[in-house]
Amino acid sequence: MRLHIGIDDTDSPNGMCTTYLGAILYRELSRIAEPIDLPRLIRLNPNIPYKTRGNGAVAMTFEVDEDLITEVKNTVHFYVDRLADFEHENTNPGVVFVEGEIPKELVEFAMKALHEHITIEEAEKAARNAGVEYFKFKVGRGIIGALAAVAYPLERFSYELLAYREPDNWGTPRRVDKESVFLADSWSYPFTYDNVDPYKRSVLITPHGKDPVLVGIRGIDRGKVLQTFEMVRFEEPVTFYQLYKTNQNTDDHLTYKKIGELKLYDSAVVRGTVVKPYWERGRHVFFELEDETGRIRIAAFEPTKKFRNYVRKLLPGDEIIAAGGVKEHEGVLTLNLEKFYPVKLVPKFEYRKPKCPRCGVTMKSKGNYLKCKHCGYKMPKKLIPVEVPRELERKIYEVPPDARKHLSRPLVLPGGEERILEC
């Protein structure tokens, strides 16, 4: 019997994370059942406000003897009970078991969970209609991710190797040799990526929370991911590691919509015209975009750093494709920008002083008239519009690695431009 297992919402700020539980379960269940491929780490809609870290859920599939199915399910329940941090209010696990083939309606549910907001009630209804066995712990919000992870059609995928720490070290700074990470990255990039920020000279594979993860190494080549991990020097013990197949860095969260169709928490790609010059509030940059169905505010927030400089170069009338997540900022529906592509740029003019018609020297302002300081020629003050080059290219601009969503596909990877340029 083929048994699909989904787990989600075991994360807590006190240390526990879903991938740690998933990795332990995969190891334990592999002793009594035959795993079908690697476990899967499925990232869901990154805009949901009550999401756990990265909004990730774990799924795995086993070939199980009929007389062992109860033991497999009991093992899952045992480890959820043992490892989930039930004391924390945001820990609301859900577990899902699907026997046999994945129903088509669950695949549709999984895709919706990637793009939109889904309630617990909707997830329960989808599970009941498909005859799926599910279990809620506390509020049970985790059944949304568990159900979506089990059914998600992982047609495009990458890998992530997650190495875990000894429990005594949880909550302390990660001890990883920085130079070894840069050396490993220089060898494996771009088959592994987002390991470092070369401009800040900072390491990106180490998280900052209290969770059990020591490092996470992402890549599109399974062998290169494993070799990169072996090249990194660790200054604390590694208890074990797990390689996951994942939908990270696929852009699969982005779906095409008209501006008037956008809803709170959507992940979307839209095409429109810049209708208002950019403005800044604090260190955030804003502008407005419209199409024939409506208008929305677009934002490049401070963590996107130099990316904001490109946003500042947009002018009213420019036609662009914009990708990002819809949230509410200061009471206004706002698309938080992940990428944009200038489709058509309007001409840009600068107004300059004319040259003297007698001697060709640039005129100087003298009150309400212009005067040539070389020959003394005077003329009424009138500036001349001169078209100047735009400082934007016909290419996709993306946020830097440390501001990138788990699901956003870096442009360095094959297909990194696909989802934008299809719009």
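Scope of this entry: the structure provided in the associated data block. (Residues numbered from 1 in each chain as written. Predicted model: local features only at pLDDT ≥ 70, side-chain atom pairs only at ≥ 80, totals over all residues. Heavy atoms only, no water.)

1. Notes on the overall build of the chain
Helix and strand counts for the chain come out as nine helices and 24 strands. Dimensions of the chain, computed from the C-alpha atoms along their principal axes, are close to 100 × 50 × 35 Å. Evaluated residue by residue, the chain yields a buried proportion of 52% over its 423 residues. Long-range contacts, defined here as pairs at least 24 residues apart, represent 71% of the contacts in the chain between residues at least 6 apart. Across the chain, the 65 positively charged side chains and the 62 negatively charged ones have centroids separated by 14 Å. (Helix = DSSP H or I, 4+ residues; strand = E, 2+ residues; numbered from the N terminus. Buried < 20%, exposed > 50% of the residue type's maximum accessible area, 1.4 Å probe, protein only. Contact = heavy atoms within 4.5 Å. Lys, Arg positive; Asp, Glu negative; His and termini not counted. Charge placed at Lys NZ, Arg CZ, Asp CG, Glu CD.)

2. Topic: the packing of helix 1 (residues 18-29) against helix 2 (residues 69-83)
Viewed as axis vectors pointing N to C, helix 1 and helix 2 meet at an angle of 150 degrees, and their least axial separation amounts to 10 Å. The two elements helix 1 and helix 2 meet at a crossing, and its hand is right-handed. From helix 1, Leu21, Ile24, Leu25, Glu28 and Leu29 reach across to helix 2, where they touch Val72, Thr75, Val76, Tyr79, Val80 and Leu83. (Axes fitted to C-alpha atoms, helices over the stretch in contact; angles between N-to-C directions. Left-handed = near helix turned anticlockwise from the far one by under 90°.)

3. Observations concerning the nonpolar core
For soluble globular proteins, the rule of thumb is that nonpolar side chains tend to be buried together. Residues Ile5, Leu25, Leu29, Met60, Phe62, Val76 and Tyr164 are the most contacted members of the largest nonpolar core, which totals 33 residues. In terms of residues, this core owes the most to one element, helix 1, which gives seven residues. Here this core spans two domains, and each of domain 1 (2-151) and domain 2 (158-246) adds at least three residues to it. Not counting chain neighbours up to four residues away, the residues in contact with Val76 comprise Ile5, Leu25, Leu29, Val95 and Phe97. (Core = buried A, V, L, I, M, F, W, Y, C linked by side-chain atoms within 4.5 Å. Domains from an automatic or database assignment.)

4. Structural notes on the sheet that holds strand 20 (residues 364-366)
Taken together, three strands build an open sheet; the order of strands is 20-21-22 and the sheet is antiparallel. Sheet topology places strand 20 and strand 22 (378-380) at the edges, where each strand pairs with a single neighbour. Strand-to-strand twist of the sheet, defined as the mean angle between neighbouring strand axes without regard to direction, takes the value 35 degrees. Two elements, strand 21 (residues 369-371) and strand 22, share three bridges in a ladder whose sense is antiparallel. Considered in strand 22, the bridge of Lys371 is made with Lys378. (Pairing = 2+ DSSP bridges.)

All we've got here are geometric facts, nothing functional implied.
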